[in-house]
Amino acid sequence: MLPTDRSEQTMKYLSLLAQQFPNQQAAFTEIINLQAILNLPKGTEHFMSDLHGEYEAFMHILNNCSGVVREHVDIIFEGELDGPAKDDLCTLIYYPREKIQLMREARQDSPTWYKTMLGQLITVARKLSSRYTRSKVRRAIPHDYAYIIDELLHTHPDENNYRVRYHERIIDSILETDSTEDFICSLAELIKRLAVDHIHLVGDIFDRGGGAAKIMDRLERCHAQRLDVQWGNHDILWMGAAAGEPACIVTVLRNNLRYGNYEILENDYGISLRALVAFADRTYRGGESISPLIKAINVLLFKLEGAIIRRHPEFDMEDRLLLDKIDLDAGTVEIDGRAWPLVTSDFPTVDPADPYALSDEEREIVDKLVSEFTGSDHLQRHMGMLYSHGSMYLVRNGNLLFHGCVPMNEDGTFSAMNCMGTWRSGRDYMDFCDSIARRAWRDRDRDSLDWLWYLWIGFKSPASGRLVKTFERAYIADKSTWREPMDPYFTLTEETGPCNTVLREFGIYPEGGHIINGHTPVKTLAGEQPVRADGKLLVIDGGFCTAYHPATGIAGYTLISSSRGMRIKAHEAFRSVEDAILRNVDIQSETTSFEPHDQRIMVSDTDTGDEIRAQISDLRQLLDAYRCGLIPEAGRSE
């Protein structure tokens, strides 16, 4: 009913709503539509984490929807198609153009094959579309063939089979007009969109693998309502670099050169390193275990980081100031009162009187790099997308998603951080981190940019939660100095009590709630499991990154949440696109189901259901306003 106060603000809102629903008929029709949506099964949510630039593996997981497509094909064609035929159909859905080209080269692309494949694709698409409203399906259909696909999805035999014959004629026309390949590609894309309703990326798209830019290009083509990202520390690093933070820029260079990903810098983002390479070659000596280029980058990094640390004592990182602890004559560095031998004494630009000062030439190099990163249109567009689709955390459907941790003390309380003069902890601290990251992108002021660097690497950063030993790993051979202590969160949340504390902090009832993290690879070879604390914590970083495979034993986890419950998929390593196309080799996955539901979860049981009920309430208020004459109706459509 209309609120009794009929406040000015309420009437302004209802007047705006009336522009979209200009009369009682329009409002009532939308109420009926929304009520119907509430009674549909919830859409499938797909969770991935720590892609780390592994483009081909990511694309295959995206194409096969973590095996969801194959599951539907098995059910739909049970007893009708044998295994190889199902394999062919799935590969056509995953890689339609490549599969068609293969059939063409083998001279197997006959009209009969095309007609058979079109029929099977339409059957799959029709089955999947039954879970959604027609309006939602229409929005998912690729634009070029929207009308034709919409017609084919709604075949219903009539008394004389006129509709069936009409649709058969449509398919014949597609074959006759030589548009079959494009049409098959559109159907395959629709099937993948319908198989997974929403994609959650729980951080770390960037670094290690060389395909992060390609992943971002692909994500740009996702429907906006189908995608969200929870920023990982490597994403934040690139966000800082694109915003012009020098320490982040140099770290990006260091990470990608260490993993041999020079091409993402020059080829994908047009960032030239010529000046830096020339400077390194003429300034540092070669012939040692560290190349001149990495030496130059290391020194630049420790100088720039040192400046940030000295500007921000609240970061509590004075133990990371190590350039001034180097004894060049002895070739050692002092850490915690002990002298450790260095693997090199080649520090020609470090002034013992002011070790963190950049030389004139180094300052020139840094300024040029800042200009390169902030001037890359491709990079700026990708980072803009991370901001528009991303956040530090997300609460959705009883799940709490964030990449790393909520910093905690050993006693299970939330650890407080001095945030520009105000001490914050728990959700309040996470909200500050989100806000300061957005301020850095918007204003690019010194303090917020410094905070972006801290969020990348700080011990109390919710994206990191680790004491990073970059200097020791770069310059000290003794690996005992490399140990990187982790925030207590990572051990405390092995038990249900701390997990429940975290869930309550974010307004989630522990009963049925889950924390979903990435960040720390699950070492299955060491007996670790992704489902922890009696199912309260789900860690889905299983190692997409090839460099992690020897430790993890697998090639990534994905999490599927559907109307039937939740399940974890553990994937074997992806071989190649060529294997997938030529030999129908899919990624083999082991499924672990937990919390299965006997009765399907409906849209009414989700956060979307709450939003729809709120919309229905607003529309009912608008109907009352029309009936009371408080808002005039526009003309009814006949």
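As a reminder, the structure under discussion sits directly above these lines.
Just so it is clear, the model here is predicted, and its values are computed rather than measured.

Visitor: Explain the overall build of the protein residue by residue, including any values.
Guide: Assigned secondary structure in the protein consists of 27 helices and 17 strands. About 27,800 Å² of surface is accessible on the protein, with carbon and sulfur atoms providing 48% of the total.

Visitor: Any chance you could break down the nonpolar core for me, citing the residues and the numbers?
Guide: Grouped together as the largest cluster of nonpolar side chains are 176 residues, with contacts concentrated most on I205, L219, W451, W453 and V502. Of the residues forming this core, the biggest block, eleven residues, is contributed by helix 17 (residues 292-311). Dropping the residues within four chain positions of it, V502 is found in contact with L400, F402, V406, M408, F414, Y489 and I515. Counting 20 residues, the second-largest nonpolar core is a separate cluster that includes L34, I37, V603 and L622.

Visitor: Requested: an account of a negative patch on the surface, with residues and values cited.
Guide: Residues D316, E318, D319, E334 and D336 make up a contiguous surface patch of negative charge. One can find E334 in strand 5 (residues 332-335).

Visitor: Residues and numbers for the pattern of salt bridges, please.
Guide: Side chains that carry opposite charge are capable of pairing whenever their charged atoms lie near each other. Tallied over the full model, the rule gives 39 salt bridges. One salt bridge connects K42 with E45, and the closest N-O pair in it is separated by 3.1 Å. In this pair, the class of K42 matches that of E45, namely buried. Between D324 and K325 there is a salt bridge whose closest N-O contact spans 3.1 Å.

Visitor: Go over the pairing of strand 9 (residues 399-402) with me, naming the residues and quoting the values.
Guide: Regular strands place side chains that alternate from one sheet face to the opposite one. Residues of strand 9 alternate between two faces, with N399 and L401 on one and L400 and F402 on the opposite face, all of them buried. Sheet topology places strand 8 (residues 393-396) next to strand 9; four bridges connect them, and they run antiparallel. Each residue of the ladder has a partner; that of L394, found in strand 9, is L401. Here strand 8 hands over to strand 9 after two residues, with N397 in that stretch at a positive phi of 55°. Where strand 9 and strand 12 (residues 514-517) come together, three bridges link them in parallel fashion. When the bridges of strand 12 are listed, N399 appears paired with H514.

Visitor: Tell me about the state of the cysteines, and please be specific about residues and values.
Guide: Formally, a disulfide is one covalent bond, and it connects the sulfur atom of one cysteine to the sulfur atom of another. Throughout the structure, instances matching the rule amount to zero disulfides. Free cysteine C405: the closest other cysteine sulfur is in C433, separated by 9.8 Å. Distance from the sulfur of C419, which forms no disulfide, to the nearest cysteine sulfur (C433) is 6.1 Å. Judged by relative accessible area, C419 falls into the buried class, the value being 3%.

Visitor: Can you break down the pairing of strand 12 residue by residue, with the values?
Guide: Side chains H514 and I516 of strand 12 all project onto a buried face; the interleaved residues I515 and N517 project onto the opposite face, where all are buried too. Pairing between strand 12 and strand 14 (residues 537-539): three bridges, direction parallel. Paired with I516 across the strands is L538, a residue of strand 14.

Visitor: For the environment of R444, give the residues involved together with the corresponding values.
Guide: Along the chain, R444 falls in the loop between helix 20 (426-443) and helix 21 (446-457). In the structure, R444 is positioned 201 residues away from A243 in sequence and 6.5 Å away in space, judged by C-alpha atoms. Non-local contacts of R444, meaning those with residues more than four positions away in its chain, are made with A242, A243, T374, Q380, R439 and L449. At 3.2 Å, the side chain of R444 and the backbone oxygen of W441 are in polar contact.

Visitor: Pulling in residues and values, what's your account of helix 27 (residues 607-627)?
Guide: Look at helix 27: 30 Å from first C-alpha to last across 21 residues, which is about the 30 Å you get at 1.5 Å a residue. Among all positions of helix 27, only G609, I612, I616, L619, Q621, L622, L623, D624, A625 and Y626 are buried. Where helix 27 is buried, its residues meet helix 1 (8-20) and helix 2 (24-38).

Visitor: Quick rundown of the packing of aromatic side chains? Include the residues and the values.
Guide: Applying the stated rule across the entire model yields 17 aromatic pairs. Taking the centre distance of 5.1 Å and the plane angle of 20° together, the rings of Y387 and W441 count as stacked. Within this pair, whereas Y387 is found in helix 19 (residues 377-389), its partner W441 is found in helix 20, the two being separated by 54 residues in sequence. The same class applies to Y387 as to W441, namely buried.

Visitor: I'd like a rundown of the side chain of H312, residues and numbers included.
Guide: Within the secondary structure, H312 sits in the loop between helix 17 and strand 4 (326-327). Within the local environment of H312, its side chain forms a polar contact with the side chain of D450, the two groups lying 2.7 Å apart. Residues contacting H312, with those up to four places away along its chain left out, are D447 and D450.

Visitor: How would you sum up the sheet that holds strand 6 (residues 338-341)? Please name residues and give values.
Guide: Strand order across the open sheet formed by three strands is 4-5-6, with antiparallel pairing between neighbours. Lying at the two open borders of the sheet, with one neighbouring strand each, are strand 4 and strand 6. Alignment of strand 4 against strand 5, held across two bridges, turns out to be antiparallel. Within strand 5, the residue paired with I326 across the bridge is V333.

Visitor: I'd like a description of the environment of C499, backed by residues and values.
Guide: Mapping C499 onto the fold places it in helix 24 (residues 496-505). Each C-alpha atom, one on C499 and one on G535, is 9.9 Å from the other, the two residues being 36 residues apart in sequence. Dropping the residues within four chain positions of it, C499 is found in contact with T493, I515, A533, K536 and L537.

Visitor: Quick rundown of the sheet that holds strand 9? Include the residues and the values.
Guide: In space, the five strands of this open sheet follow the order 8-9-12-14-13, with mixed pairing throughout. Strand pairing shows two members of the sheet lacking a second neighbour, strand 8 and strand 13 (531-532), which therefore form its edges.

Visitor: With reference to specific residues and values, describe the environment of V343.
Guide: Position of V343 relative to the elements: it lies in the loop between strand 6 and helix 18 (360-374). Taking the C-alpha atoms as reference points, V343 and I476, 133 residues apart in sequence, are found 6.0 Å from one another. Apart from the residues lying within four places of it in its own chain, the contact partners of V343 are I290, A474, Y475, I476 and A477.

Visitor: Any chance you could break down unusual backbone geometry for me, citing the residues and the numbers?
Guide: With a phi close to 75°, R208 is a non-glycine residue in the positive phi region. We note that D336 has phi near 50°; this positive angle belongs to a residue other than glycine. Mapped onto the secondary structure, D336 falls in the loop between strand 5 and strand 6. A residue is classified by how much of its surface remains accessible, and D336, at 78% relative accessible area, is exposed.

Visitor: Explain the packing of helix 1 against helix 27 residue by residue, including any values.
Guide: Contact geometry for helix 1 and helix 27: axes closest at 10 Å, N-to-C directions at 95°. Here helix 1 is positioned roughly perpendicular relative to helix 27, judged by the angle of their axes. Seen from helix 1, the contacting residues are T10, Y13, L14, L17 and A18; seen from helix 27, they are D618, L619, Q621, L622, A625 and Y626. Across the contact of helix 1 with helix 27, the residue classes tally to eight nonpolar, two polar and one charged.

Cut-off values and rules
- Residues numbered from 1 in each chain as written.
- Predicted model: local features only at pLDDT ≥ 70, side-chain atom pairs only at ≥ 80, totals over all residues.
- Heavy atoms only, no water.
- Helix = DSSP H or I, 4+ residues; strand = E, 2+ residues; numbered from the N terminus.
- Areas by Shrake-Rupley, 256 points an atom, 1.4 Å probe, with all protein chains shown as cover.
- Core = buried A, V, L, I, M, F, W, Y, C linked by side-chain atoms within 4.5 Å.
- Buried < 20%, exposed > 50% of the residue type's maximum accessible area, 1.4 Å probe, protein only.
- Contact = heavy atoms within 4.5 Å.
- Patch = residues over 30% accessible without salt bridge, like charges linked within 9 Å, V, L, I, M, F, W, Y side chains within 5 Å.
- Salt bridge = Lys/Arg side-chain N within 4 Å of Asp/Glu carboxyl O.
- Lys, Arg positive; Asp, Glu negative; His and termini not counted.
- Charge placed at Lys NZ, Arg CZ, Asp CG, Glu CD.
- Pairing = 2+ DSSP bridges.
- Disulfide = S-S within 2.5 Å.
- Polar contact = N/O pair within 3.5 Å; in protein donor to acceptor, adjacent residues only side chain to side chain.
- Expected span 1.5 Å × (residues − 1).
- Phe/Tyr/Trp six-rings, centres within 6.5 Å; stacked < 30°, edge-to-face > 60°.
- Axes fitted to C-alpha atoms, helices over the stretch in contact; angles between N-to-C directions.
- Parallel < 35°, antiparallel > 145°, perpendicular 65-115°, else oblique.
- Nonpolar A, V, L, I, M, F, W, Y, C, P; charged D, E, K, R; others polar.

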